Every structure is written in structure tokens, then in C-alpha cells.
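Chain by chain, the residues:
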Amino acid sequence: MAACSPQKKEGSRIIEWNPADIIRPRSNNSPPDYALLILNQPIHNHVDMIKRLWNNASFRIAADGATNCLHDVAGIHSDPSFDNLDVIIGDLDSISPVARSYYETPPRHTHVIYHRDDYSTDFGKAVAHIRDKYPPSVKPKDIVVVGGLGGRVDHGLSQLHHLYMFQQDPDYSEGKMYFFSGESLTFLLKAGRKHVIRVRDGPAGEKDVFAKWVGILPVKAPSHITTKGLEWDVTDWLTEFGGQMSTSNHILPETQAVEVETTKDVLFTMSLRQI
């Protein structure tokens, strides 16, 4: 299993996470194995980080108009960084003729898929394509989503809705999903598990990937959480919208792994250092 995938220890309710492996430069010993999904939001403010995610990914897919974003920051400037895009998918009502022509012209070999379904978003179509290509029953593929939590509020809430939709199984049997939003990495902690999130496990002398800020957000339902490794740890603490929430918490300088137990699904978000 990929290093960035959550690993459930046999005979226990513990799931281990190594999210820094998504971002660190690829190692020949343990290369990441995830699909990178680009959504239709500007990416010019975080191109360096996205290039690193791109190079670490084993499959790259753009949802319709996201192709314009890739073309705007690279293709239009003759920068081939994103030329090895594998798939463009959606109803193709947002992609510009220039961007589409660019990716359909050799030496690029991007597969453009027209998928019309009024009851599914381009985001959903892209996730379905990834899971069809890499069946979870054979080997689940983690998905890193770029552009999911910026821009319009309703769009951001829609993406969080999709995150809950695509993470139904408590053991992540279909693969894990991460949202990269430029300044943070966000993922879903399933209920009834003890989650061990490694925040400092890089080579000696390497700069930490994550900054100190952490949030634990009970988006779907109130939850009781217990934490370890944060400046303001809690035990069996009720958190809910309109009540208490753990936002802007801090990872302690000596913490190697943050531990979270939760009675309901919660979002876990960590701030990223600039590379």
C-alpha cells in the first residue's frame, strides 16, 4: 500500500496516516501512489506546490474547466510541467477550445472524455473514473484534490459534501481523499477509530512539511473528540457548530504524531509551510 494511504493495524481500531509523503519529493524507495484531481479554480498562487504534487502522482486528471487553469499557468508559456495530463473529463462546457486543442495535440496524449450526466458534477465524474480505472477491490487509489476549498462559499461547501460522499467506508476501502487548498491539507477522520497522524517523520535536517495550526471540524454532526499532541488537548469533548470547536489549535514542537478519536466523522485540517 502507498505510504500516503491510511494503514489500519490488524486487530485494532487504529489508523495511521503519513500525509507528508504526498508532498515530499518522490523517493525511489517509497514512491507515492495517488491520483491527482484538478478542479476548476485558479492555481497560479500555488504553482510550485502543485508541481510537486503533480510529479509525485501516478495518475493525473482534470475536471473539465480545470484544464484552462493548467494551460493558463504553464501551456500558454510553453512550460511543459503539466503536459503529461492523463485525462480530461466532464460535460466539456467549460474547457476553452485553446486549452482542449493544446492537450489533444502531440506530443501530449491526453484522453478527453465527454461525460454528460445532469445528476453528477464534474468532480464526481472524475472520482468515478479514477475508481473505475483502479478498482478498490484490486488496489484502492488515494486521491489528492487540488482547488476544492477556495473561491465561492457554496462551491467550497459542495466539495466538502463530496468528501463525505466519497468516504463512506470506515476503513477507507476505496482509498483516501485529501483536499489541497494552497495553505492547508484537509481530510476526513472516520468515526469509531483512533487516528494517528504523523506530522514529523522526515529525514533528519529536513524542514517540516506542516506548520503548527490544526483544526478539527464537526461538519456533518456533533461529535465527542479526544486528542493528544496538541497545545489544547481535550478528552471526550463535545464539538459542534454553534457550540465548541477546535480551530487554530497548535501542534506542539515535540509532537511527532497527533492522535484523534472521534464518535462522528470530522474534518481534520493542517496548515502547510511554503516550499
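Residues numbered from 1 in each chain as written. Predicted model: local features only at pLDDT ≥ 70, side-chain atom pairs only at ≥ 80, totals over all residues. Heavy atoms only, no water.

The name recorded for the protein chain in an unreviewed UniProt entry is Thiamine pyrophosphokinase, from Apiosordaria backusii. What UniProt records for the protein chain under Pathway (unreviewed entry) is the sentence "Cofactor biosynthesis; thiamine diphosphate biosynthesis; thiamine diphosphate from thiamine: step 1/1." Of the comments in the UniProt record for the protein chain, the one headed Catalytic activity (unreviewed entry) reads "thiamine + ATP = thiamine diphosphate + AMP + H(+)". (UniProt positions renumbered as here; feature names shortened; annotations may be inferred.)

## Points about the nonpolar core
In this structure, L36, L70, I197, F268 and M270 are the most contacted members of the largest nonpolar core, which totals 54 residues. Element by element, the count of residues in this core is highest for helix α2 (residues 47-56), at five residues. Not counting the four nearest positions on each side in its chain, L36 is found in contact with L53, W54, A57, F59, R60, I61, V144 and V146. Core analysis: the next-biggest nonpolar cluster, separate from the first, contains 23 residues, I113, I143, L160 and Y164 among them. (Core = buried A, V, L, I, M, F, W, Y, C linked by side-chain atoms within 4.5 Å. Buried < 20%, exposed > 50% of the residue type's maximum accessible area, 1.4 Å probe, protein only. Helix = DSSP H or I, 4+ residues; strand = E, 2+ residues; numbered from the N terminus. Contact = heavy atoms within 4.5 Å.)

## Focus: helix α6 (residues 153-166)
The first and last C-alpha atoms of α6 sit 20 Å apart over 14 residues, in line with the 20 Å expected at 1.5 Å per residue. Inspection of α6 places G156, Q159, L160, H162, L163, Y164 and F166 among the buried residues, and these make up the whole buried set. Summarising the contacts, the buried residues of α6 are in contact with α5 (122-133), β8 (177-180), β9 (184-189), β11 (210-217) and β16 (266-272). (Expected span 1.5 Å × (residues − 1).)

## Things to note about unusual backbone geometry
The omega torsion of the bond from P106 to P107 falls at 15°, within 30 degrees of zero and hence cis. Here P107 lies in the loop between α4 (97-104) and β6 (111-114). Within the chain, L92 stands out as a residue other than glycine whose phi angle is a positive 60°. In this structure, D236 is a non-glycine residue whose phi angle is positive, near 45°. Tracing the sequence through the fold places D236 in the loop between β12 (223-228) and β13 (237-239). Judged by its relative accessible area of 53%, D236 is exposed.

## Notes on the pairing of strand β15 (residues 257-262)
With five bridges connecting them, strand β10 (residues 194-198) and β15 associate as antiparallel partners. Bridge assignment links H195 to a residue of β15, and that residue is V260. For β12 and β15, the ladder comprises four bridges, and the chain directions are antiparallel. Paired with T226 across the strands is E261, a residue of β15. (Pairing = 2+ DSSP bridges.)

## Observations concerning the pattern of salt bridges
Evaluation of the coordinates by the stated rule reveals 13 salt bridges. Of the charged contacts in the structure, one is a salt bridge between D21 and R24, with a shortest N-O distance of 3.5 Å. The class for R24 is buried, based on a relative accessible area of 11%. Overlapping salt bridges bring together D33, K139 and K141 as one network. (Salt bridge = Lys/Arg side-chain N within 4 Å of Asp/Glu carboxyl O.)

## Quick look at the sheet that holds strand β3 (residues 34-38)
Across the sheet, which stays open at both edges, the ten strands sit in the order β6-β5-β4-β3-β7-β8-β9-β16-β11-β14 with mixed pairing between neighbours. Since the sheet does not close on itself, it has two edges, and those belong to β6 and β14 (246-250), each with one partner. For this sheet, the mean inter-axis angle between neighbouring strands, taken without regard to orientation, is 20°. The pairing of β11 with β16 spans five bridges and is classified as antiparallel. Its bridge partner being in β16, G215 is matched across the sheet by T269. Helix α3 (residues 66-73) contacts β3, β4 (59-63) and β5 (87-90) of the sheet and is inclined by roughly 110° relative to β4. (Axes fitted to C-alpha atoms, helices over the stretch in contact; angles between N-to-C directions.)

## Topic: the packing of aromatic side chains
Across all of its chains, the model carries ten aromatic pairs by this definition. With 4.8 Å between their ring centres and 25° between their planes, W17 and F187 make a pair best called stacked. One end of the pair, W17, is in strand β2 (residues 14-17); the other, F187, is in strand β9, and 170 residues separate them in sequence. Here W17 falls in the buried class, since its relative accessible area comes to 0%. A centroid spacing of 4.8 Å and a plane angle of 65° characterise the contact between W54 and F82, whose relative ring orientation is edge-to-face. Pair noted here: W54 is in helix α2 and F82 is in the loop between α3 and β5, with a separation of 28 residues, a long-range link. Given a relative accessible area of 0%, W54 falls into the buried group. In textbook terms, an aromatic cluster arises when at least three aromatic residues are bridged by ring pairs, as seen for W17, Y172, Y178, F187 and F268. One Lys or Arg, R108, reaches over the ring of Y102 and ends 3.8 Å from the middle of that ring. Against the face of Y178 rests K176, its NZ or CZ located 5.6 Å from the ring centre. (Phe/Tyr/Trp six-rings, centres within 6.5 Å; stacked < 30°, edge-to-face > 60°. Lys NZ or Arg CZ within 6 Å of the ring centre and 35° of its normal.)

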